[in-house]
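# Descriptive structure summary
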Amino acid sequence: MESFENSAAIVSIKSELREIFISVIDTVRLAFVSFYEWLKSVPIPTPPSVMKMFGNNKANVILFFAFVIYVMYINIKAYVLFSVDKFNSERYMKRIPEKQLFKYMWLGGAPGAGLAMLIMRHKTKHMNFVITAFALIFMQLMVFSFILGFLGFWTFF
């Protein structure tokens, strides 16, 4: 008696599935090979053209100062919010919600918030604030330096 796994129908289905699987694998391999060939043909831009966002120097100056003003504003705002929250916590007054403090940290105010945490010693026992603040400080300083470099920061000095 023939077992179910070795029946003619099952064997033919297995061979059909094997052929479909092999054709799918070949198609995926060909797709990756053609993508790799295309990627090798893409020209790499030269560094001076990558460094500036616009060829117009006036636009770079405006964007540079707008970005610097935004970063200063958001950091001062975060510092003031943490300071007011510390002041209110000492006097048992209405506190600033943690959600709002986190929002200003994520919007670019992590350096100001971290400075307020160090100077005022506020929220330093809350590890979620400490870890988030210093991880964001590191990330934001990297992003800020990239953006300022992209706008040609060194050309102004």
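Reading the values: rules and limits
- Residues numbered from 1 in each chain as written.
- Predicted model: local features only at pLDDT ≥ 70, side-chain atom pairs only at ≥ 80, totals over all residues.
- Heavy atoms only, no water.
- Phe/Tyr/Trp six-rings, centres within 6.5 Å; stacked < 30°, edge-to-face > 60°.
- Helix = DSSP H or I, 4+ residues; strand = E, 2+ residues; numbered from the N terminus.
- Buried < 20%, exposed > 50% of the residue type's maximum accessible area, 1.4 Å probe, protein only.
- Core = buried A, V, L, I, M, F, W, Y, C linked by side-chain atoms within 4.5 Å.
- Contact = heavy atoms within 4.5 Å.
- Salt bridge = Lys/Arg side-chain N within 4 Å of Asp/Glu carboxyl O.

### Quick look at the packing of aromatic side chains
A complete count under the given rule lists two aromatic pairs for this structure. Between phenylalanine 67 and phenylalanine 144, the aromatic rings sit 5.6 Å apart at their centres with planes inclined by 75°, giving edge-to-face as the arrangement. Of this pair, phenylalanine 67 sits in helix α3 (residues 57–90) while phenylalanine 144 sits in helix α5 (residues 127–150); the two residues are 77 residues apart in sequence, bridging distant segments of the chain. The class of phenylalanine 67 is buried, set by a relative accessible area of 15%. Phenylalanine 144 sits in the buried class, given a relative accessible area of 13%.

### Observations regarding the nonpolar core
In this structure, Phe82, Leu101, Met105, Met117 and Phe129 are the most contacted members of the largest nonpolar core, which totals 18 residues. When contributions to this core are tallied by element, the ones reaching two or more residues are α3, α4 (98–120) and α5. Non-local contacts of phenylalanine 129, meaning those with residues more than four positions away in its chain, are made with Phe82, Glu98, Leu101, Phe102, Met105, Met117 and Lys123. Counting residues in hydrophobic clusters, the runner-up holds five residues, among them Phe64, Val71, Phe144 and Leu148.

### Here's the deal with the pattern of salt bridges
Per the stated rule, a full pass over the model turns up three salt bridges. Notably, a salt bridge pairs arginine 95 with aspartate 85, separated by 2.9 Å at the nearest N-O pair. Placement of the pair is arginine 95 in the loop between α3 and α4 and aspartate 85 in helix α3, with a sequence separation of 10 residues. Of the charged contacts in the structure, one is a salt bridge between glutamate 90 and lysine 86, with a shortest N-O distance of 3.9 Å. Taken together, the positions of glutamate 90 and lysine 86, both in helix α3 and four residues apart, correspond to about one turn of that helix. For glutamate 90, a relative accessible area of 48% gives the class partly exposed.

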